[in-house]
Amino acid sequence: MTARTSALRRSGRVLLYVVMIAAAAGIMLPFAWMVISSLKLNNQVFTAPVQWIPDPVQWRNYLDIWAKADMVTWVRNTLVLSVAVTFLQVLTGSFAAYGFAKMRFPGRDALFLLYVGTIAVPWQSYMIPQFQMLSGWGLNNTLWAIMLLQAFGAFGVFLMKQYYESIPDSLSEAARIDGLSEYGIWWRIIMPLSVPALASLTIITFVQTWNDYLGPLIYLRDRELWTIQLGLQSFIGEYNAEHALIMTGSVLSVLPIALIFFLGQRYFVEGIATTGVKG
Amino acid sequence: MTTPVVGDQRTLGFSRPELPPPLRNPRASLKLRNALVGWTFILPNFLGFAVLTLVPVFTLFYLSLTSWNIFGTAEWVGLDNFTRLLGDKSFHIALGNTFYYAALHIPITIVVSLSLALLLNQKLRGAAFFRTVAFFPYITSIVAVAVVWNMLFSPEFGPINQFLGLFVDGDLPGWTVSKDWAMPAVIIVGTWKDMGYYMLLFLAGLQTVPGELHEAARIDGANAWQRFWNVTLPCLRPTMFFVTVMVTIQSFKVFDLILVMTDGGPGQATLVLSQYIYQKGFEQFEFGYASAVAVVLFLICILVTVVQFLYNKRKEA
């Protein structure tokens, strides 16, 4: 390689780094703004030029918000929903995926096609009949509605099926010859082997339920049933001039998700890559 | 989609011992038992899925042919709701805005997320950190994100316009309070939020591009652009197909982002189909008419998916 092309390559790489750092800064800007503003006095949020370092730092905001907003109730409801939905989704999803990935019976492929087909059907298009149905059962304005709504998604089935297919069939075949039932194979052979996929599904479902806004918006009327997203949105409406406090609430609503994400991001990435590669 | 399955004889060195041909009955009962066991695995999830998704999808079509509203029961009105759609100005606006959003959001998201994936694929130091950063918006809640962006877009003192003011003399965009700029603002936020997800899908796809092909092209004197165009892109076709389908559906059903950012405004400048369904159904309680709008959304999504599917099939052949 001549000196000229190597210099060209080096400057090309420097350029790539510059692009990457600039993009990262741009992407993170809203979060930086959120955190910085949450530590400001209210009248310091909008200034020209922008004040990038809060002075004085208002930690008080993080105490005041608990008195002004019913955060405890919201977080409790959201936690109940997220845990229940995640449990149901992981259990029924991984169970069904075994049927789709490791067994052969008539109707299986047609059934799976039904699941795949619903990817193209947005929830917004059938939310009205679904609401009518659940209201008819007396579930409107209950947390049950959200649990039912979220727990049986096709996503869990896809993710687990893709992963099960990467487990060699010889394992389950050997267990079958040894006389283990299909349920035994699922529970004792396949489940322990699919911990990474289970972890992916768990955190993805948890985060999705935590962030869901539309389901709770339609079903949960009473204040004591509100989730963090509904609560935050009403807080924004109620205190629309308290910019700093609104940012404090936003930080608090994102914080648990950020923690889960940074601890388990490997599982996020793998989970999404698994469902994407084969479609 | 090929699915190697237990009992699929091709994939196994040893398989279930074959029963001799005369004993057909036990074999049939084994098959039946197998089917029953298979169904029990699928049933718990399928019951929930069928009742909560399939049943509402089918009742949607029935509802759209009725006059169901808050005052009365569902009465059959045939295609009345659909003829009403033809003359409904708000519906036309919502339909137009939905296509406006999709027409910009789809290509921009694909280009940006593919570029990010290509950048990450350069094996730069810090790439793992960058991947985390780029994906982070996707997992944060829409409410928090919308309120922050609304502040950033604030016309007078928002940081975005202050930054633009450094380069532009004269009128700056009014963003979410301006009829012309509200939709671009929403599209920017939508792209910012979604691109990390598609970036990951592209990144996974890029791992399947064989390195030898790139090497060969390089030896043949192809430059970086030619290699991208003639090697990387064709190898990415399955991923590209999946991403296009997903991003298209996502664009046509866009809702919560707009609901919390602009609530369809100013005026009806960002009113989209999903929100119109919501307004008609849950604010004005015209369930029948809202269902007719929902049928339109449903048909658009199915139609574009089928078209993309057929296009992909033809390219594959």
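Residues numbered from 1 in each chain as written. Chains lettered and ligands numbered in written order. Predicted model: local features only at pLDDT ≥ 70, side-chain atom pairs only at ≥ 80, totals over all residues. Heavy atoms only, no water.

In the annotation of an unreviewed UniProt entry, the entry for chain B reads ABC transporter permease, and the organism field reads Promicromonospora soli. The record held by UniProt for chain B lists under Subcellular location (unreviewed entry) the comment "Cell membrane". The UniProt entry for chain B carries the following comment under Sequence similarities (unreviewed entry): "Belongs to the binding-protein-dependent transport system permease family." (UniProt positions renumbered as here; feature names shortened; annotations may be inferred.)

Looking at an unreviewed UniProt entry, chain A carries the name Sugar ABC transporter ATP-binding protein, with the source organism given as Promicromonospora soli. What UniProt states about chain A under its Sequence similarities (unreviewed entry) heading is, verbatim, "Belongs to the binding-protein-dependent transport system permease family." Recorded in UniProt for chain A, the comment headed Subcellular location (unreviewed entry) runs: "Cell membrane".

A. Molecular detail of the packing of helix α9 (residues 224-235) of chain B against helix α10 (residues 237-252) of chain B. Residue and element names in this part refer to chain B. Axis separation between α9 and α10 bottoms out at 5 Å; the angle between their running directions is 65 degrees. Two secondary-structure elements touch here, α9 through L233, P234 and C235 and α10 through R237, P238 and M240. Here the contact of α9 with α10 is built from residues that sort into five nonpolar, no polar and one charged. (Axes fitted to C-alpha atoms, helices over the stretch in contact; angles between N-to-C directions. Helix = DSSP H or I, 4+ residues; strand = E, 2+ residues; numbered from the N terminus. Contact = heavy atoms within 4.5 Å. Nonpolar A, V, L, I, M, F, W, Y, C, P; charged D, E, K, R; others polar.)

B. Structural context of a nonpolar patch on the surface. Residue and element names in this part refer to chain B. There is a patch of nonpolar side chains on the surface, built from F163, L166, F167, V168 and L172 and spanning about 530 Å² of accessible area. When you line up the elements, L172 lands in the loop between α6 (159-165) and α7 (182-206). Assessed through its relative accessible area of 31%, L172 is described here as partly exposed. (Patch = residues over 30% accessible without salt bridge, like charges linked within 9 Å, V, L, I, M, F, W, Y side chains within 5 Å. Areas by Shrake-Rupley, 256 points an atom, 1.4 Å probe, with all protein chains shown as cover. Salt bridge = Lys/Arg side-chain N within 4 Å of Asp/Glu carboxyl O. Buried < 20%, exposed > 50% of the residue type's maximum accessible area, 1.4 Å probe, protein only.)

C. Summary view of the UniProt feature "transmembrane region" (unreviewed entry) in chain B. Residue and element names in this part refer to chain B. As annotated by UniProt and renumbered to match this structure, "transmembrane region" (unreviewed entry) occupies residues 36-63, 99-120, 132-152, 181-206, 227-249 and 287-311. Taken end to end, residues 181-206 comprises 96% helix and 0% strand; its first and last C-alpha atoms sit 35 Å apart. Between the end C-alpha atoms of residues 287-311 the distance is 36 Å, and the span holds 100% helix and 0% strand.

D. Structural detail: the UniProt feature "domain: ABC transmembrane type-1" (unreviewed entry) in chain B. Under the local residue numbering, the UniProt record ascribes the feature "domain: ABC transmembrane type-1" (unreviewed entry) to residues 95-308 of chain B. Annotated as 74% helix and 0% strand, the span residues 95-308 of chain B places its first and last C-alpha atoms 20 Å apart.

E. Highlighting the UniProt feature "transmembrane region" (unreviewed entry) in chain A. Residue and element names in this part refer to chain A. Under the present numbering, the feature "transmembrane region" (unreviewed entry) in UniProt falls on residues 14-36, 79-100, 112-131, 143-164, 185-207 and 244-263. Within residues 14-36, the helical portion is 100% and the strand portion 0%, while the C-alpha atoms at the span's ends are 30 Å from each other. Counted over residues 79-100, helix gives 100% and strand 0%. Its end C-alpha atoms are 31 Å apart.

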